[in-house]
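# Architecture at a glance
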Amino acid sequence: MIPPLALCCLAIVAVSLLGGLLPLLSRLTHTRLQLYLSFAAGTMLGAAFFHMMPEAVAAGSVGTLRWAVAGLTVLFLLERFFAFHHHEAPSPGDRDAPLLDHPHTHDHGDHGDHGDHHHPADSRVQAPTLNWTAAAIGLAVHSLIGGVALASAVVADFDTRGGFGAAAAGVLLATIVHKPADSLTVVSLMLRARAPQVLAHLVNFGFALMIPIGVALFLVGIHLLDAPTSGSLTASALAFSSGTFLCIALSDLLPELHFHSHDRTKLSIAFLLGLGLMFLSSFGEAEHSHDLGPALDHGAHAEAP
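Note that this is a predicted model, so its numbers are computed, not measured. (Residues numbered from 1 in each chain as written. Predicted model: local features only at pLDDT ≥ 70, side-chain atom pairs only at ≥ 80, totals over all residues. Heavy atoms only, no water.)

## Section: empty space enclosed by the protein
Picture a little ball the size of a water molecule; that probe, rolled over the atoms, points out where space is still empty. Scanning all chains against the criterion turns up three cavities of 30 Å³ or more. One number sums up the size of the largest cavity: a volume of about 120 Å³. His142, Gly146, Thr175, His178 and Phe245 are, among the 13 residues lining the largest cavity, the residues nearest its centre. Of all the secondary-structure elements, those providing two or more residues to the lining of the largest cavity are α4 (132–160), α5 (166–192) and α8 (227–258). Each residue belonging to the lining of the largest cavity can be placed in one class, and the counts come to five nonpolar, six polar and two charged. (1 Å grid on protein atoms, 1.4 Å probe; cavity = no way out; pocket = protein on both sides within 12 Å on 5 of 7 lines; lining within 4 Å. Points joined across faces, edges and corners; volume = space filled by probe spheres on them. Helix = DSSP H or I, 4+ residues; strand = E, 2+ residues; numbered from the N terminus. Nonpolar A, V, L, I, M, F, W, Y, C, P; charged D, E, K, R; others polar.)

Printed below as a string of structure tokens:
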């Protein structure tokens, strides 16, 4: 179990560092970013529904899904106070340019104006300042939770399948897809605040390590508990993490798709591709849950007086 988790952590750290380099290595246009975020929304939503929730039920019970509500609520409140998810392409040729007007900073009172709103260079407006320190702290906590999500999925797969399964693969893929956007947020905000590039990438490196730290904390926690308690903790942590994935998809990423009527076909296709990828990868998961059902029923009857 440890070697697969270590490889997963290395892959996530690598894509996190790459996401932080994007403002310097390439010109990330608004349309390209929206396509990427739409695909990420599909993978996050699909990972929660097709992988994490079924595995949480298989490892625990239907009641375990109550923790999904807790996860969604906790992350929602975290974002309310830290406001760290702010995705916008860096201004081309100007690393110190002010933040562009963004769908999250619009007045949402008139939905008809959102779709046709563009960002010409001569009509840039100053968005409310988002402090990079608050964003980094919020994203660090979010990444720790992401590490718990990955570790709980891998542990649940090893407990029920004896190896790395579809749930772990789904969580890993969704994390890899979404993680560069968070690194892009941290580095872009620091560069716009005129922070030195070296400092920005050092902070991003520390941020990239939050997933492995979350994994390590979860593994230490379950090893300190007895087998029944650790199994219950794994199922609850996985359900909790599914709620955080739902929160990211529904409150951060899908609004990007909803409030952009331009390129609506391309953005919708990108979303469906991400969702479809998670759906296709869940066939083994569904078969596993079906096979496990009688065993769970048998265990429940055995415990009954």
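## Side note on the UniProt feature "transmembrane region" (unreviewed entry) in the chain
Within this structure's numbering, the places UniProt gives as "transmembrane region" (unreviewed entry) are residues 35–53, 65–83, 132–156, 198–225, 237–255 and 267–284. Structurally, residues 132–156 is divided into 100% helix and 0% strand, and its ends, taken at the C-alpha atoms, are 35 Å apart. (UniProt positions renumbered as here; feature names shortened; annotations may be inferred.)

## A look at the packing of α5 against helix α6 (residues 197–208)
Two elements in contact, α5 and α6, have axes whose closest approach is 9 Å; the angle formed by their N-to-C orientations is 150°. Between α5 and α6, the angle is such that the two are roughly antiparallel. Crossing angle aside, the handedness with which α5 passes α6 is right-handed. Contacts between α5 and α6 pair Lys179, Asp182, Ser183, Val186, Val187, Met190 and Leu191 from the former with Gln197, Leu199, Ala200, His201, Val203, Asn204 and Phe207 from the latter. Its residues assigned to classes, the contact of α5 with α6 shows eight nonpolar, four polar and two charged. (Axes fitted to C-alpha atoms, helices over the stretch in contact; angles between N-to-C directions. Parallel < 35°, antiparallel > 145°, perpendicular 65-115°, else oblique. Left-handed = near helix turned anticlockwise from the far one by under 90°. Contact = heavy atoms within 4.5 Å.)

## A few points about α5
Helical geometry: 3.6 residues make up each α-helical turn, so side chains three or four residues apart lie on a common side. In this model α5 runs 40 Å from its N-terminal to its C-terminal C-alpha over 27 residues, within 8% of the 39 Å that 1.5 Å per residue would give. Of all 27 residues in α5, 24 are buried, a share of seventy percent or more. Positioned one or two residues after α5, Arg194 has a phi angle of 65°, which is positive. (Expected span 1.5 Å × (residues − 1). Buried < 20%, exposed > 50% of the residue type's maximum accessible area, 1.4 Å probe, protein only.)

## What to know about a nonpolar patch on the surface
A cluster of nonpolar residues, Leu72, Phe76, Leu77, Phe81 and Leu250, forms a patch on the protein surface that exposes about 510 Å² of accessible area. Tallying contributions element by element places helix α3 (residues 66–82) first for the nonpolar patch, with four residues. One can find Leu250 in helix α8. (Patch = residues over 30% accessible without salt bridge, like charges linked within 9 Å, V, L, I, M, F, W, Y side chains within 5 Å. Areas by Shrake-Rupley, 256 points an atom, 1.4 Å probe, with all protein chains shown as cover. Salt bridge = Lys/Arg side-chain N within 4 Å of Asp/Glu carboxyl O.)

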